[in-house]
Amino acid sequence: MANTTHVDHAHVHDEHKPYGLKRWLYATNHKDIGTMYLVFACVMFFIGGAMALVIRAELFQPGLQFIDPQFYNSMTTVHALLMIFGGVMPAWTGLANWMIPLQVGAPDMALPRLNNFSFWILPFAFTLLLLTFFVPGGAPAGGWTLYPPLSLQMGDGFPMMIFAIHLMGASSILGAINVIVTIMNMRAPGVGLLNMPLFCWTWLITAYLLIAVMPVLAGAVTMLLTDHYFGTSFFNAAGGGDPVMFQHIFWFFGHPEVYILILPAFGIVSEIIPTFSRKPLFGYETMVYATASIAFLSFIVWAHHMFTVGMPLAGQLFFMLSTMLIAVPTGVKVFNWCATMWKGSLTFETPMLFALAFLFLFTIGGLSGLMLAIVPADFQYHDSYFVVAHFHYVLVPGAVFAIMAGVYYWLPKWSGHMYNEKVGKVHFWLSTIGVNVLFFPQHFLGLAGMPRRIPDYSTQFADWNMVSSVGAFIYGFSQLLFVYVVWNAVKSGAPAPQRPWEGAHGLEWELPTPAPYHSWGEPPPPSVIARGAGH
Amino acid sequence: MTNEPVQADEGRDRSRRVRRNALVLGLVAFAFYAAFILMAVTGIRG
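Small disclaimer: the values here were computed from a predicted structure and weren't measured. (Residues numbered from 1 in each chain as written. Chains lettered and ligands numbered in written order. Predicted model: local features only at pLDDT ≥ 70, side-chain atom pairs only at ≥ 80, totals over all residues. Heavy atoms only, no water.)

Considering the overall build of chain A
- A tally of helices and strands in chain A yields 16 helices and 0 strands.
- The C-alpha radius of gyration computed for chain A amounts to 23 Å, which stays within 12% of the reference 24 Å derived for 535 residues, consistent with globular compactness.
- Dimensions of chain A, computed from C-alpha atoms along their principal axes, come out at roughly 65 × 50 × 45 Å.
- Counting all 535 residues of chain A, 62% fall into the buried class.
- Taking all contacts inside chain A whose residues are at least 6 apart in sequence as the whole, residues at least 24 apart take part in 82%.
- Counting only carbon and sulfur atoms, one obtains 71% of the accessible surface of chain A, whose full area is about 19700 Å².
- Looking at chain A, you have 19 positive and 23 negative side-chain charges, and the mean spots of the two groups are 10 Å apart. (Helix = DSSP H or I, 4+ residues; strand = E, 2+ residues; numbered from the N terminus. Rg over C-alpha atoms; globule rule 2.2 N^0.38 Å. Buried < 20%, exposed > 50% of the residue type's maximum accessible area, 1.4 Å probe, protein only. Contact = heavy atoms within 4.5 Å. Areas by Shrake-Rupley, 256 points an atom, 1.4 Å probe, with all protein chains shown as cover. Lys, Arg positive; Asp, Glu negative; His and termini not counted. Charge placed at Lys NZ, Arg CZ, Asp CG, Glu CD.)

Now the structure itself:
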């Protein structure tokens, strides 16, 4: 750590900050809204995580232990919806809100009131979704993919779920518009597009993906609604509709959604690895082009999620090969991160540990994705626990670890205080051991033939399920440490210097610590921009 | 002081650009929503 500048808390008194409930309810400051998004995401992670623990407790042994199969199916469905739309996506939006204006030298997001609206939609959306547990017919239980005809058999909670998904989609689209407009119009003079930190680039591309695909999900669920209540037959075979068409539409949204969840993670890792390697990022421009290539390819691979519906051979080949093609730009990224570390002066503070774990474990998830892309193999793996292991490796030690890396990395700048490095490292090791004990055995279960979305299973799967459940509880409870570390840092951490990480570059580190409530009221001068550009 | 009108013009210009960009992006999003429903109505299969 380099103690370049001591904290100056005097400016805090000149910030004209609103106080009390109004500060949060009427918030237009990007930092306040970013904080609200992050706290909201954390709450959703814990609710969704509790559901995951219910699932793993039920699967600890064969036989039905605690819950009935319908409730089990609700747990898997709502766990997924909460983690994707309530956890990971708002966490990225929170980080974008906090960091993009600081990194591009803008005083705030371009549309602050829209920003407030985007956030405040979310608590209503998720309250509505969670209330479905208390209405006749219960919560959604047909899987997060909402495939008809199963999803159309839901009870009174069906319209609540559809409305909740519309609200989540609207929030994401408005947030994405704000990010694009901010980056395209609010950059300080001298901050060029190919001069921005990678986090801004990956978020810019993510925002375009969001605008293209969230409306597609909205269209799909609108059609489900009209099929259910207004007598249309979009997906009803008895009325001349086609349930497979829903799968095509859903996955046209669903696959880019995977990259919406992971591209900002690439951005964060591209910030952290150079900092703790004390070297500029290797191949900055290729990173940008690789991100754009991944985003483009994400639109032409959707049917690899549905090889088993029976599609023409040409279709199978096209979607198999296009999926494999994604490994090329992803490989470029992994190579560049390794090359950045090569001969670097590495240190292993908590953000770097999480970034390295991301690098190893996300790559495992990527490789099992390549296995799933092979059509004849996919016929065996489809709907098995192998798929569950694959996407959890991508999303937990992938997206979630990157979010944690980002929080540890920028927390000193946000709060003005350092976190406890020792407890941070304990949190890292418990998380990493827990996540691998939890998800790695699921590869074996899937290869042995255990289907996903079942509350009971054959005794042949008992041992690895027990191991997986033990990992789940280690991982789940170790996240309480994360809350402790953050809380402890904010309340009583040691004062953080302006640039707490020796190798950190970027405009955010040119601001005092904690970042003032109103930052970059005047655009940063060229000398500051030149000092901040470290790639 | 002499720069103030210029800065105000730049500010207004940027506000206009921000609003225009946001509107265009909103319309693009709506077009995706409508196009996929229309595609399903007209029976084009994926």
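Re the layout of surface pockets
- Of the voids in this model, the second largest pocket is the one considered here, and its volume is about 590 Å³.
- Along the walls of the second largest pocket sit 24 residues, with Asn-185 and Arg-187 of chain A together with Glu-10, Gly-11 and Arg-14 of chain B positioned nearest its centre.
- Per-element accounting of the lining of the second largest pocket gives the leading share, 9 residues, to helix α1 (residues 4-42) of chain B.
- Among the residues forming the lining of the second largest pocket, the class breakdown is 11 nonpolar, 6 polar and 7 charged. (1 Å grid on protein atoms, 1.4 Å probe; cavity = no way out; pocket = protein on both sides within 12 Å on 5 of 7 lines; lining within 4 Å. Points joined across faces, edges and corners; volume = space filled by probe spheres on them. Nonpolar A, V, L, I, M, F, W, Y, C, P; charged D, E, K, R; others polar.)

Focus: a nonpolar patch on the surface
Residue and element names in this part refer to chain A.
- Among the surface-exposed residues, Phe-60, Val-426, Leu-430, Met-466, Val-470 and Ile-474 lie close enough to one another that they form a single nonpolar patch of about 430 Å² accessible area.
- At the level of secondary structure, the elements contributing two or more residues to the nonpolar patch comprise α14 (421-447) and α15 (462-492).
- Take the nonpolar patch: its biggest share by element is 3 residues, from α15.
- When you line up the elements, Met-466 lands in helix α15. (Patch = residues over 30% accessible without salt bridge, like charges linked within 9 Å, V, L, I, M, F, W, Y side chains within 5 Å. Salt bridge = Lys/Arg side-chain N within 4 Å of Asp/Glu carboxyl O.)

Focus: the pattern of salt bridges
- As enumerated under the stated definition, the model contains 7 salt bridges over all chains in all.
- The shortest N-O distance in the salt bridge between Arg-278 of chain A and Glu-502 of chain A comes to 2.5 Å. Highlighted residues: Arg-278 of chain A in the loop between α7 (243-277) and α8 (284-297) and Glu-502 of chain A in the loop between α15 and α16 (526-532), separated in sequence by 224 residues.
- Residue Arg-278 of chain A is classed as partly exposed on the basis of its relative accessible area, which comes to 26%.
- Among the salt bridges present, the one from Arg-16 of chain B reaches Asp-13 of chain B, with a minimum N-O distance of 4.0 Å. Of this pair, Arg-16 of chain B and Asp-13 of chain B both sit in helix α1, 3 residues apart, which is roughly one turn of the helix.
- Since its relative accessible area comes to 46%, Arg-16 of chain B is described here as partly exposed.
- Residues participating in the shared-partner salt-bridge network are Asp-13, Arg-16 and Arg-17 of chain B.

What to know about the interface of chain B and chain A
- At the interface, 19 residues of chain B touch 25 residues of chain A.
- Buried area between chain B and chain A, both sides added, is near 1900 Å², and the carbon and sulfur share of it is 78%.
- Ranking the residues of chain B by area buried against chain A places Leu-25, Tyr-33 and Phe-36 of chain B at the top, with a combined share of 29%.
- Seen at the junction of chain B and chain A, the total is 0 salt bridges.
- Inspection of the region where chain B meets chain A yields 3 residue pairs in polar contact (both at pLDDT 80 or more). (Buried area = accessible area lost by both parts, 1.4 Å probe. Polar contact = N/O pair within 3.5 Å; in protein donor to acceptor, adjacent residues only side chain to side chain.)

Concerning the nonpolar core
Residues and elements named next belong to chain A.
- With 195 residues, the main nonpolar core has Phe-85, Trp-92, Phe-126 and Trp-337 as its most contacted residues.
- Ignoring any residue separated from it by four or fewer positions in sequence, one finds Trp-92 in contact with Trp-203, Ile-260, Leu-261, Pro-264, Ala-265, Ile-268, Ala-399, Ala-402 and Ile-403.
- One finds Leu-372, Ala-377, Phe-386 and Val-387 within the second-largest nonpolar core, a separate group that totals 5 residues. (Core = buried A, V, L, I, M, F, W, Y, C linked by side-chain atoms within 4.5 Å.)

Digging into α15 of chain A
Residues and elements named next belong to chain A.
- Helix length check: α15 (31 residues) gives 45 Å between terminal C-alpha atoms against 45 Å at 1.5 Å per residue, within 8%.
- Among the residues making up α15, those that are buried are Ala-462, Asn-465, Ser-468, Ser-469, Gly-471, Ala-472, Tyr-475, Ser-478, Gln-479, Phe-482, Val-485 and Ala-489.
- Along its buried surface, α15 packs onto α2 (30-58), α13 (385-415) and α14. (Expected span 1.5 Å × (residues − 1).)

So, the packing of α13 of chain A against α14 of chain A
Residues and elements named next belong to chain A.
- At their nearest, the axes of α13 and α14 sit 7 Å apart, and the two run at 165 degrees to each other. The angle between α13 and α14 places the two elements in the roughly antiparallel class. The two elements α13 and α14 meet at a crossing, and its hand is left-handed.
- A class-by-class count of the residues in the contact of α13 with α14 yields 15 nonpolar, 10 polar and no charged. (Axes fitted to C-alpha atoms, helices over the stretch in contact; angles between N-to-C directions. Parallel < 35°, antiparallel > 145°, perpendicular 65-115°, else oblique. Left-handed = near helix turned anticlockwise from the far one by under 90°.)

Things to note about the confidence of the model for chain B
- In the predicted model, chain B carries a mean pLDDT of 84, and the fraction of residues at 70 or more is 80%.
- Both scores are given for the predicted complex: the pTM is 0.94, the ipTM 0.87. (pLDDT = per-residue confidence, 0-100.)

Topic: the packing of aromatic side chains
Residues and elements named next belong to chain A.
- Enumeration over the complete set of coordinates arrives at 47 aromatic pairs over all chains.
- An angle of 80 degrees between the planes, with centres 5.0 Å apart, marks the rings of Phe-119 and Trp-120 as edge-to-face.
- With a relative accessible area of 25%, Trp-120 lands in the partly exposed category.
- Centroid distance Tyr-147 to Phe-246: 6.3 Å. Interplanar angle 80 degrees. Geometry classified as edge-to-face. Of this pair, Tyr-147 sits in the loop between α4 (112-131) and α5 (157-185) while Phe-246 sits in helix α7; the two residues are 99 residues apart in sequence, bridging distant segments of the chain.
- By relative accessible area, which is 22% here, Tyr-147 ends up partly exposed.
- Given the relative accessible area of 0%, Phe-246 is considered buried. (Phe/Tyr/Trp six-rings, centres within 6.5 Å; stacked < 30°, edge-to-face > 60°.)

Side note on empty space enclosed by the protein
- Within the structure shown, the criterion is met by 2 cavities of 30 Å³ or more.
- In this structure, the second largest cavity spans a volume of roughly 150 Å³.
- Each residue belonging to the lining of the second largest cavity can be placed in one class, and the counts come to 11 nonpolar, 5 polar and no charged.

Details of the side chain of Lys-31 of chain A
All names here are of chain A.
- Within the secondary structure, Lys-31 is located in helix α2.
- Nearest to the buried, unbridged Lys-31 among oppositely charged side chains is Asp-108, at 6.8 Å.
- A distance of 3.2 Å separates a polar atom in the side chain of Lys-31 from the backbone oxygen of Tyr-517.
- Once residues lying within four places of it in the same chain are set aside, the contact partners of Lys-31 are Trp-98, Leu-102, Ala-515, Pro-516, Tyr-517, His-518 and Ser-519.

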